[in-house]
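# Commentary on secondary and tertiary structure
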Amino acid sequence: MSSTNAPDAAAVDAAIQQARRYSLYLDRLLTAAPRRLDDIDLAAPCEVSAPALRVEDKTALYQALRRFRQRTLAALMVRDLAGWAELAEVTTVMTRLAEAAIRQALDWISADMAQTAGTPRNARGEAQQLIVLGMGKLGGGELNVSSDIDLIFVYPEEGESDGARALSNHEYFSRMGRALIAALSQITEDGFVFRVDMRLRPYGDSGPLAMSFDMLENYLITQGREWERYAWIKARALTGGAADITTLMSMVRPFIYRRHLDYSAFASMRDMHQQIRREVERRDRANDIKLGRGGIREIEFIAQLFQLIRGGREAGLRREPTLEVLALLPERNLLPAPIVEDLARAYDFLRRLEHRLQYLDDQQTHVVPLDAHVRAKLAESLGFDTTAAFEAALERHRNNVSRQFDALFADARSEEHALAPLWTQSIGAAAAAEKLGELGFARPAELQTRLAQLRDSPRYRQMPASSQSRLDRLAPFAIEAAAAGENRDATLERLLQFLESVNRRESYLALLEEYPQSRRNLAELMRASPWVAQYLTLHPILLDELLDARALRSAPDWRALAQQLRATLDDAAGDAEKQMDALRHFKHAQTLRLVAQDLAGNLPLETLADHLSDLACVVLGETLHHVWQGVHGRHRETPAFAVIGYGKLGGKELGYASDLDLVFLFDDEAPEAPQNYARLAQRMNTWLNSTTAAGLLYDTDLRLRPDGAAGLTVSPFAAFRDYQLQHAWVWEHQALSRARFVAGDAAIGARFESLRNGILRLPRELNKLRAEVAAMRQKMHEGHPNKSGLFDIKHDHGGIADIEFIVQYLVLGHARDYAALTGNIGNLALLKLAAQLNLIAKAPALAAHAAYRELRRLQHALRLQGDGYARVPHETVSGHVDAVRALWQQVMQT
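Bear in mind the structure is a predicted one, so any value in this text is a computation, not a measurement.

The rules behind the values
- Residues numbered from 1 in each chain as written.
- Predicted model: local features only at pLDDT ≥ 70, side-chain atom pairs only at ≥ 80, totals over all residues.
- Heavy atoms only, no water.
- Helix = DSSP H or I, 4+ residues; strand = E, 2+ residues; numbered from the N terminus.
- Buried < 20%, exposed > 50% of the residue type's maximum accessible area, 1.4 Å probe, protein only.
- Contact = heavy atoms within 4.5 Å.
- Areas by Shrake-Rupley, 256 points an atom, 1.4 Å probe, with all protein chains shown as cover.
- Lys, Arg positive; Asp, Glu negative; His and termini not counted.
- Charge placed at Lys NZ, Arg CZ, Asp CG, Glu CD.
- Pairing = 2+ DSSP bridges.
- Core = buried A, V, L, I, M, F, W, Y, C linked by side-chain atoms within 4.5 Å.
- Axes fitted to C-alpha atoms, helices over the stretch in contact; angles between N-to-C directions.
- Parallel < 35°, antiparallel > 145°, perpendicular 65-115°, else oblique.
- Salt bridge = Lys/Arg side-chain N within 4 Å of Asp/Glu carboxyl O.
- Expected span 1.5 Å × (residues − 1).
- Phe/Tyr/Trp six-rings, centres within 6.5 Å; stacked < 30°, edge-to-face > 60°.
- Lys NZ or Arg CZ within 6 Å of the ring centre and 35° of its normal.
- Polar contact = N/O pair within 3.5 Å; in protein donor to acceptor, adjacent residues only side chain to side chain.
- pLDDT = per-residue confidence, 0-100.
- Arc of directions from axis to C-beta.

### Observations regarding the overall build of the chain
Of regular secondary structure, the chain possesses 38 helices and 16 strands. If you line up the chain on its principal axes, its C-alpha atoms span 105 × 80 × 60 Å. Within the chain, buried positions represent 54% of all 894 residues. Pairs at least 24 residues apart make up 75% of the contacts formed inside the chain by residues separated by at least 6 positions. Looking at the chain as shown, the accessible area adds up to about 37800 Å², and 50% of this sits on carbon and sulfur atoms. Within the chain, the 115 negative side-chain charges are centred at a point lying 2 Å from the centre of the 107 positive side-chain charges.

### Quick notes on the pairing of strand S2 (residues 131-134)
Both faces of S2 are covered, namely the face carrying Ile131 and Leu133 and the face carrying Val132 and Gly134. Where S2 meets strand S3 (residues 149-155), four bridges bridge the pair, whose relative direction is antiparallel. If you follow valine 132 over to S3, its bridge partner there is phenylalanine 153. Two elements, S2 and strand S7 (residues 236-237), share two bridges in a ladder whose sense is antiparallel. For leucine 133, the partnering residue across the bridge sits in S7 and is alanine 237.

### So, the nonpolar core
Trp232, Leu248, Leu353, Leu620, Phe641 and Val643 are the most contacted members of the largest nonpolar core, which totals 183 residues. No other element matches helix H28 (residues 605-629), which puts twelve residues into this core. Counting residues in hydrophobic clusters, the runner-up holds 45 residues, among them Ala85, Val145, Ala183 and Ala210.

### Section: the packing of helix H7 (residues 213-222) against helix H9 (residues 242-256)
Remark: H7 packs on H9, axes separated minimally by 10 Å, with the N-to-C direction vectors making an angle of 10°. Overall, the two elements H7 and H9 adopt an arrangement that is roughly parallel. Contacts from Phe213, Leu216, Glu217 and Leu220 of H7 reach H9 at Asp244, Thr247, Leu248, Met251, Val252 and Phe255.

### Re the pattern of salt bridges
Pairing is possible between side chains of opposite charge, provided their charged atoms come close. All chains considered together, the criterion is met by 47 salt bridges. A salt bridge links glutamate 391 to arginine 375; the nearest nitrogen and oxygen atoms lie 2.9 Å apart. Residue glutamate 391 is located in helix H15 (residues 387-409), and its partner arginine 375 is located in helix H14 (residues 372-381); the two are separated by 16 residues in the primary sequence. Judged by its relative accessible area of 32%, glutamate 391 falls in the partly exposed class. A salt bridge links aspartate 668 to arginine 636; its shortest N-O distance comes to 3.3 Å. Taken together, the residues span a long stretch of sequence, with aspartate 668 in the loop between strand S9 (660-666) and helix H30 (673-689) and arginine 636 in the loop between H28 and strand S8 (641-646) at a distance of 32 residues. Classification of aspartate 668 as buried rests on a relative accessible area of 12%. By relative accessible area, which is 36% here, arginine 636 ends up partly exposed.

### Structural notes on helix H23 (residues 516-528)
Here H23 contains 13 residues, and its C-alpha end-to-end distance of 19 Å stays within 8% of the 18 Å for a straight helix at 1.5 Å per residue. Along H23, the residues classified as buried are Ser518, Arg519, Asn521, Leu522, Ala523, Leu525, Met526 and Arg527. Where H23 is buried, its residues meet helix H20 (465-483), helix H21 (488-502), helix H22 (506-514), helix H24 (530-538) and helix H27 (576-599).

### Details of the environment of valine 884
The residue valine 884 is located in helix H38 (residues 874-892) in this model. A residue is classified by how much of its surface remains accessible, and valine 884, at 0% relative accessible area, is buried. Sequence spacing of valine 884 and leucine 81 is 803 residues, and the spatial spacing of their C-alpha atoms is 82 Å. Once residues within four sequence positions are removed from consideration, valine 884 is found in contact with Gly798, Gly799, Asp802, Ile803, Ile806 and Ala851.

### Digging into the packing of aromatic side chains
Counting across every chain of the model gives 20 aromatic pairs. Where tyrosine 263 meets tyrosine 515, the ring centres are 5.8 Å apart and the plane angle is 90°; that geometry is what we call edge-to-face. Of this pair, tyrosine 263 sits in the loop between H9 and helix H10 (265-282) while tyrosine 515 sits in the loop between H22 and H23, and the two are 252 residues apart along the sequence. No difference in accessibility class separates tyrosine 263 from tyrosine 515, as the two residues are buried. Connected via pairs of aromatic rings, a cluster forms that spans Tyr263, Phe266, Phe405, Phe409 and Tyr515. Over the face of the ring belonging to phenylalanine 477 we find arginine 519, whose NZ or CZ atom lies 3.9 Å from the ring centre.

### Digging into the environment of glutamine 448
Within the secondary structure, glutamine 448 is located in helix H18 (residues 444-455). Looking at glutamine 448, the relative accessible area reads 8%, which means it is buried. Along the sequence, glutamine 448 and leucine 436 sit twelve residues apart, while their C-alpha atoms lie 7.6 Å from each other. Excluding residues within four positions of it along the chain, glutamine 448 makes contact with Gln425, Ala429, Ala432, Ala433 and Leu436. In this structure the side chain of glutamine 448 is engaged in a polar contact, spanning 2.5 Å, whose partner is the side chain of glutamine 425.

### Brief notes about the environment of glutamine 890
Looking at where glutamine 890 falls in the secondary structure, it is placed in helix H38. Linking glutamine 890 and proline 844, residues 46 residues apart in sequence, is a C-alpha distance of 8.8 Å. If we ignore the near neighbours within four places in the chain, the residues touching glutamine 890 are Ile840, Ala841 and Pro844.

### Focus: the confidence of the model for the chain
The predicted model of the chain has a mean per-residue pLDDT of 89, with 93% of residues at 70 or higher. A low-confidence stretch, residues 1-16 (pLDDT under 50), is modelled with 38 contacts involving residues beyond four sequence positions or located in other chains. Below a pLDDT of 50 lies the segment residues 41-55, which in the model reaches 37 contacts outside its immediate sequence neighbourhood of four places, other chains included.

### Side note on the side chain of aspartate 489
Relative to the helices and strands, aspartate 489 is located in helix H21. Within polar-contact distance, the side chain of aspartate 489 engages the backbone nitrogen of arginine 443 at 2.8 Å. Apart from the residues lying within four places of it in its own chain, the contact partners of aspartate 489 are Phe441, Ala442, Arg443 and Leu447.

### Some details on the pairing of S3
Taken across its seven residues, S3 has seven buried, putting it largely inside the fold. Because side chains alternate across S3, one face comprises the buried residues Ile149, Leu151, Phe153 and Tyr155, and the other comprises Asp150, Ile152 and Val154, equally buried. Sheet analysis places S3 next to strand S5 (residues 196-197), joined by two bridges and oriented parallel. Counterpart to isoleucine 149 in the pairing with S5 is valine 196. Here S3 runs beside strand S6 (residues 210-212); their pairing, made up of three bridges, is parallel. Paired with phenylalanine 153 across the strands is alanine 210, a residue of S6.

### Side note on the side chain of serine 737
Examined against the element boundaries, serine 737 turns out to sit in the loop between helix H32 (730-736) and strand S14 (740-744). Ignoring any residue separated from it by four or fewer positions in sequence, one finds serine 737 in contact with Arg756, Leu760, Gln808, Val811 and Asn824.

### Overview of unusual backbone geometry
The phi angle at tyrosine 203 is positive, at roughly 70°, despite the residue not being glycine. For tyrosine 203, the position within the fold is in the loop between S5 and S6. Since its relative accessible area comes to 32%, tyrosine 203 is described here as partly exposed. Phi at asparagine 333 is positive, roughly 60°, even though this residue is not glycine. Topologically, asparagine 333 is positioned in the loop between helix H12 (322-331) and helix H13 (337-359). With a relative accessible area of 45%, asparagine 333 lands in the partly exposed category.

### Here we look at H12
The α-helix winds at 3.6 residues per turn, so residues separated by three or four positions along the chain end up facing the same way. Buried within H12 are the following residues: Thr322, Val325, Leu326, Leu328 and Leu329. The buried residues of H12 occupy an angular sector of 160° when the element is viewed end-on, so they sit on one face. Where H12 is buried, its residues touch helix H11 (296-310) and H13. Just beyond H12, the residue with positive phi is asparagine 333, at close to 60°.

Listed below in structure tokens is the structure:
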């Protein structure tokens, strides 16, 4: 982290002299030039042992490490300046050089210390190792040619060594750390290996050089600061055992990455960057390509911002290299691809320029000198014909970075909003109510009282000061957004309820403040539907989905989404609670996207139902896969198990709040199969219908299985087939007409479809069938009494249920002669098909077809308006009801 003044023109030729000084090494390393240096083995820079503490061995170690660094750097410099090495080769070689030097030195030091102090052990007598953490560019695998290396030293547990001169583990590893620092950074006649910076450790320069896991964890929990979260993103263990490293990183990860979407990272990173810019301005370093405007640090901040915000939920973002993180942003719709391409090109250019500055005199400088001769040499080394072309490229890249950085980190905390007095009540209640009336609110006095009550509530007063400030800035925007369209009073009330529900979760307030488009999208959805308003209030994490209007309204790619969900659940393997929450977040997010498209008028109801059904199939498939992984004693890798969807899921007519009618089947002769599949079915049902912190996934109904609630949760396929052929009631065959395989073993699914088709095509006596279907319909009607005086769209005679029963009768009665009737193509298509087959008259069929579509549309609209029952005045649907009743009379003759 040290820096020097920009080199003068004389230093340019020093690079050539340095290369000549180590020409002996170049002859050996570049015999097959151009040859990538990262193909060369950098694992063993020297062979130095330490049988006893002898100065000459330590001297040999120091010399070997330094000369290894010299010959590697000289070769790398020539390859880079010759244009043979890409940036990735340079940074990879330097990183591997540092890793090799650290491990080699540590091995020597460990062997040396063991001669007198023995091996450090914990209270159980287990050997302990020092874990060297690479931070910054070393941790990210992006080391410069003249970088400091940022290190932190930790060890698993306290204890003491077992040698003749026993030391506490703290003292042992502190001495080892000091010896390692000296081995790398002490200047000898051969120079140094790497400058070492330990200031990123807990408590900085005043803290202990090495600390135990417990001490580190306590520090991070009680004293860890926001800038340290940023620093720890790139932490990577370079030494130590795999189990200890896993334990360490599992301990550190919750400090870096929050479980929720952490949009409060904007403010902390913005403040950190402002401090850096002030320091750059104070030191008059405008030409600093690392810390200055449009420099390397701004690119790193952009990448790490998204890591801090989303890394708690998206494990794929938890990686160290900057370019790797940038490449993920377009895939996740976080930044447009052209912007990321500009940032990546700028990063490559600035890092290559940075290396050329550092080749000059092996100093960690980032300042482009003003000297014309030096600039000409830099331009030539980067492949530019003229200095002017180089300077233009530099300015273009820095402008691109600065423009994107400023757009992303622009401070949303603007001057006081014109409507702020309505929230602060600074103009008095009467004037506030008058202003609300002028804005078009129908009940201004009531809304003024509501605003005052919210601001004076104990909940508001108990908020942290930073959250209060955010809410104070957001409330006027809520008033403004509600006044901008129809249904103003209800929209404002819904927005206030939402803000009230999240006012203790600063990250959500931060998201709304940082992204104005999220406020607009939220208001539009709140205005359109009370059901959606309640859904968002219950699941505020969905605010994240409101950031990108294009993604919000794009057609779902279920195959790609299933792959993303699989990866997310794989990352949470072993943590059932986290996997259950991930499933719920996925389902809620996709539901919101479909709602947005639905309210925008972009989704016909049938297409929406298809999408909601496909969503359920994705969730069921991934739930099955991951629950099976956790079944203790499972006897095969892939279960011979299938999920059959009935009802709305089977018929692809799911609504937003529909439950899932499911039947579980297996076909497996293994003796442990019944027990294992019973566990699988029970746990699947628990995963689906349990309420967690992330809400509910689906309500499920398993009563359509053989023998209903008294039957086994999961049925062997043979037993299911026997039941359907020998014991099932007619109503169960009616239900089978709307059943399909939805998840699991496709072979069992195919056998089920074959069985289903065979059962639907069994010969049946039509009069008897008609009577049984009509009796079941009457029983269903009696089970849903309606004394409201309104027409119940689903359950009353002439409604949706009548159409469904008519279709089921036609399928069971005529599929024997017309196999096409067994197709699971939906009630609308089956009505048309029946008319084409002359099973019903065309005109009544088309009238009922239109009625069914309109009644479903009305039912859906009423659900979105939050109505508990889908009921309307008779006169508004009388024509459609008459059409349905006429078809019922024609077909069912009752």
